[in-house]
Amino acid sequence: MLTCLAVLWAAATTAYAALLLAPGDTVDNLVGDGVATPEVRAAVAAEWGLDRPPLVQYLAYLWRLLHGDLGRSYQLQRGVGEILLGQLGPTAELTLAAAATGVVLALALALLTAGRSRWPRRLASAGELLAVSVPPFVIGTLLLALFSFTLGWFPVSGADGAPALVLPALALGLPIAGVLGQVLREGLERALEQPFALTARSRGLSERAVVARHALRHALVPAVTLTGWFTGALLGGAVIVETLFGRPGLGQVAVEAVTGGDLPVVMAVVVVSAAVYVVISTLLDLLYRVIDPRLRGA
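Small disclaimer: the values here were computed from a predicted structure and weren't measured.

(A) Representation of helix α5 (residues 80-113). Counted at 1.5 Å a residue, the expected span for α5 with its 34 residues is 50 Å, and the 48 Å between its end C-alpha atoms agrees. At Leu88, α5 shows its largest kink, close to 40 degrees, and the proline Pro90 lies no more than four residues downstream.

Shown next as structure tokens:
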């Protein structure tokens with residue numbers, strides 16, 4: 001719990017420090033490209049307490065965050081929480097689809113190639129290395145060129161229906177599948193050499209049953225450790241993929257906020273991303289105990 005709070009505090013403090021260290025007047029930085037009339041400037045200064053000592057300003061900012069107040073976008077004239085909440089659904093849909101795509105592909109590759117002859121493993125490793133090495137925006141561009149522009153199977157942009165989700169999910173999920181596939185295959189091969197696997201075989205279990213009932217659970221432990229990277233890859237990649245495919249979501253909001261100088265929105269995106277990471281890390285700790293019973297008494 002203390003670690004989670006420390007991560008959230010560090011993210012909030014970093015966002016606040018970026019505001020203070022940005023060149024120019026703080027009020028101008030908060031207003032961005034919005035209309036900076038004297039009335040607006042006075043309201044911004046009063047809301048952020050810029051007439052008070054810096055420490056008081058900082059503590060007031062943390063206090064607002066603790067109460068769920070992410071501030072106000074002076075360009076859009078809306079609360080930042082309202083803006084992010086309105087775009088959360090499309091991003092959650094994309095990241096969940098990409099995560100499912102990556103996990104399913106990784107499991108399929110690992111199960112089909114673990115313990116097999118050399119050539120299937122080499123081919124799978126080459127494909128995984130290629131998927132990891134190519135950036136998501138390049139994968140997305142290639143997918144668009146082939147399946148949208150040439151074959152016309154999927155829409156070029158938008159978020160209407162399942163067909164519009166396929167290519168973005170693949171662009172985000174393939175790099176994840178590349179890393180997880182390697183880790184799962186190595187974990188499976190190590191697990192299949194352990195004494196418990198030999199014992200299971202001696203009881204008459206088939207190789208497929210040994211993998212499904214025993215080896216896979218042991219192989220999942222190192223794979224689950226990658227969840228932190230997994231989360232960062234999804235959140236970072238969503239910014240690029242949503243822009244490339246013209247999808248609504250937090251990625252589009254972040255890009256527009258950065259290009260428009262809407263610092264309250266940028267700061268809120270940083271804090272929300274850290275909160276998502278903390279939630280997933282907490283769920284990961286619980287998942288470890290489900291996968292590995294030895295950790296339940298720890």
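(B) Main features of the pattern of salt bridges. Under the definition given, this model contains three salt bridges. One salt bridge connects Arg78 with Glu82, and the closest N-O pair in it is separated by 3.6 Å. According to the relative accessible area criterion, Arg78 is partly exposed, its value standing at 34%. Given the relative accessible area of 49%, Glu82 is considered partly exposed. Arg185 is the salt-bridge partner of Glu128, the closest N and O atoms lying 2.7 Å from each other. Taken as a pair, Glu128 in helix α6 (residues 118-133) and Arg185 in helix α8 (residues 163-192) lie far apart in primary sequence, 57 residues in all. Accessibility classification places Glu128 together with Arg185 in one group, the buried group.

(C) The nonpolar core, seen in detail. Leu172, Leu188 and Leu234 are the most contacted members of the largest nonpolar core, which has 33 residues in total. Only α5, α7 (136-150), α8, α10 (207-225) and α11 (227-244) provide two or more residues apiece to this core. For this core, the leading source of residues is α8, giving 12 residues. Leu30, Val44, Trp48 and Met267 belong to the second largest nonpolar core, which has 16 residues in total.

(D) The packing of α5 against α8, seen in detail. Relative orientation of the contacting elements α5 and α8 amounts to 35 degrees, with a least axis distance of 6 Å. Remark: the crossing between α5 and α8 carries right-handed chirality. Grouping the amino acids of the contact of α5 with α8 by side-chain chemistry returns 21 nonpolar, five polar and three charged.

(E) Molecular detail of the layout of surface pockets. Looking at the largest pocket, its volume works out to about 750 Å³. Residue lining of the largest pocket: 32 residues in total, with Ala99, Phe230, Thr231, Leu234 and Ile280 positioned closest to the centre. Elements represented by at least two residues in the lining of the largest pocket include exactly α5, α8, α10, α11, α12 (250-260) and α13 (263-291). The residue inventory of the lining of the largest pocket, partitioned by class, reads 26 nonpolar, six polar and no charged. Taken as a whole, the second largest pocket spans an internal volume of roughly 470 Å³.

About the cut-offs
- Residues numbered from 1 in each chain as written.
- Predicted model: local features only at pLDDT ≥ 70, side-chain atom pairs only at ≥ 80, totals over all residues.
- Heavy atoms only, no water.
- Helix = DSSP H or I, 4+ residues; strand = E, 2+ residues; numbered from the N terminus.
- Expected span 1.5 Å × (residues − 1).
- Bend = angle between axes of the 7 residues up to and from the residue.
- Salt bridge = Lys/Arg side-chain N within 4 Å of Asp/Glu carboxyl O.
- Buried < 20%, exposed > 50% of the residue type's maximum accessible area, 1.4 Å probe, protein only.
- Core = buried A, V, L, I, M, F, W, Y, C linked by side-chain atoms within 4.5 Å.
- Axes fitted to C-alpha atoms, helices over the stretch in contact; angles between N-to-C directions.
- Left-handed = near helix turned anticlockwise from the far one by under 90°.
- Nonpolar A, V, L, I, M, F, W, Y, C, P; charged D, E, K, R; others polar.
- 1 Å grid on protein atoms, 1.4 Å probe; cavity = no way out; pocket = protein on both sides within 12 Å on 5 of 7 lines; lining within 4 Å.
- Points joined across faces, edges and corners; volume = space filled by probe spheres on them.

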